[in-house]
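Fold and contact review
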Amino acid sequence: MSETRLPGYQRALDCASAALDKKAYDLVILEIGELTSVADYFVICSGRSDTQVQAIAEGIRAQRANDDERPLAVEGTDRGQWVLLDYADVVVHVFQIPVREFYDLERLWARAPRIELPEPLATAARELRAGADKTGTLNS
């Protein structure tokens with residue numbers, strides 16, 4: 001992880017926060033800026049259904065709109081299996097679990113450092129993971 005954060009760091013955290021507000025599961029942030037010119041960060045998370053994937057994506061869009069930011073591109077909202085939101089320096093991927101496992105972006109970008117979520121985001125992510133593990137509704 002680089003000592004100096006790239007400019008999209010706060011935007012990535014804001015997107016993560018909005019996703020967690022919609023109960024996104026297994027959220028990770030990858031710092032990809034030193035590996036590619038595509039973006040500085042990937043925010044990757046999962047939803048339980050197409051409806052939840054769409055709600056997570058819409059929650060992120062609404063949160064960014066509050067800061068007068070619109071995505072450069074949005075893909076996948078019609079089907080809700082994989083929604084991509086492109087904010088130039090931050091690209092958000094919201095998946096249904098089987099689609100996420102199939103594309104396995106974390107493996108493809110294995111050299112990218114994972115960003116440790118600051119509190120209270122880290123606690124929210126752990127609680128969502130623990131709740132899903134207890135009920136057995138999501139196992140990635």
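Structure shown above.
Conventions used here
- Residues numbered from 1 in each chain as written.
- Predicted model: local features only at pLDDT ≥ 70, side-chain atom pairs only at ≥ 80, totals over all residues.
- Heavy atoms only, no water.
- Helix = DSSP H or I, 4+ residues; strand = E, 2+ residues; numbered from the N terminus.
- Contact = heavy atoms within 4.5 Å.
- Areas by Shrake-Rupley, 256 points an atom, 1.4 Å probe, with all protein chains shown as cover.
- Phe/Tyr/Trp six-rings, centres within 6.5 Å; stacked < 30°, edge-to-face > 60°.
- Buried < 20%, exposed > 50% of the residue type's maximum accessible area, 1.4 Å probe, protein only.
- Disulfide = S-S within 2.5 Å.
- Expected span 1.5 Å × (residues − 1).
- Salt bridge = Lys/Arg side-chain N within 4 Å of Asp/Glu carboxyl O.

Section: the overall build of the chain
Each helix and strand counted, the chain has five helices and five strands in total. Listing every helix and strand of the chain by position from the N terminus yields α-β-β-α-β-β-β-α-α-α. Of the contacts made within the chain by residues no fewer than 6 positions apart, 65% connect residues no fewer than 24 positions apart. As displayed, the chain offers around 7500 Å² of accessible surface, 48% of which is attributable to carbon and sulfur atoms.

Observations regarding the packing of aromatic side chains
One pass over the structure, following the stated rule, counts five aromatic pairs. Ring plane angle 50° and centroid distance 4.7 Å describe the contact between Trp82 and Tyr103, whose orientation is recorded as tilted. Taken together, the residues span a long stretch of sequence, with Trp82 in strand β4 (residues 82-86) and Tyr103 in helix α3 (residues 97-103) at a distance of 21 residues. Residue classification places Trp82 among the partly exposed residues on the basis of a relative accessible area of 26%.

Focus: the state of the cysteines
A full pass over the atoms with the stated rule returns zero disulfides. Cys45 supplies the cysteine sulfur nearest to Cys15, a cysteine that is in no disulfide, at a spacing of 9.6 Å. With a relative accessible area of 0%, Cys15 lands in the buried category. By relative accessible area, Cys45 is classed as buried at 0%.

Re the environment of Val91
Among the secondary structure elements, Val91 is positioned in strand β5 (residues 90-96). Along the sequence, Val91 and Val74 sit 17 residues apart, while their C-alpha atoms lie 9.9 Å from each other.

Quick notes on unusual backbone geometry
In terms of backbone geometry, most residues other than glycine have negative phi values and most peptide bonds are trans. For the peptide bond that leads from Glu119 to Pro120, omega is 5°, which places it in the cis range. Assignment of secondary structure puts Pro120 in the loop between α4 (105-108) and α5 (121-135). Even without being a glycine, Asp26 presents a positive backbone phi close to 55°. Within the secondary structure layout, Asp26 lies in strand β1 (residues 25-31). A relative accessible area of 25% places Asp26 in the partly exposed class. Phi at Ala88 is positive, roughly 70°, even though this residue is not glycine. Among the structural elements, Ala88 can be located in the loop between β4 and β5.

Topic: helix α1 (residues 9-21)
For α1, built from 13 residues, the straight-helix expectation of 18 Å at 1.5 Å per residue is met to within 8% by its first-to-last C-alpha distance of 18 Å. Count one or two residues on from α1 and you reach Lys23, which has phi positive near 65°.

Considering the pattern of salt bridges
Under the defined criterion, the tally for this structure stands at 10 salt bridges. With a shortest N-O distance of 2.3 Å, Arg100 and Glu106 are connected by a salt bridge. Taken as a pair, Arg100 and Glu106 share a single burial class, namely buried. One salt-bridge network, held together by shared partners, links Arg11, Asp14, Arg64, Asp67, Glu69 and Asp89.

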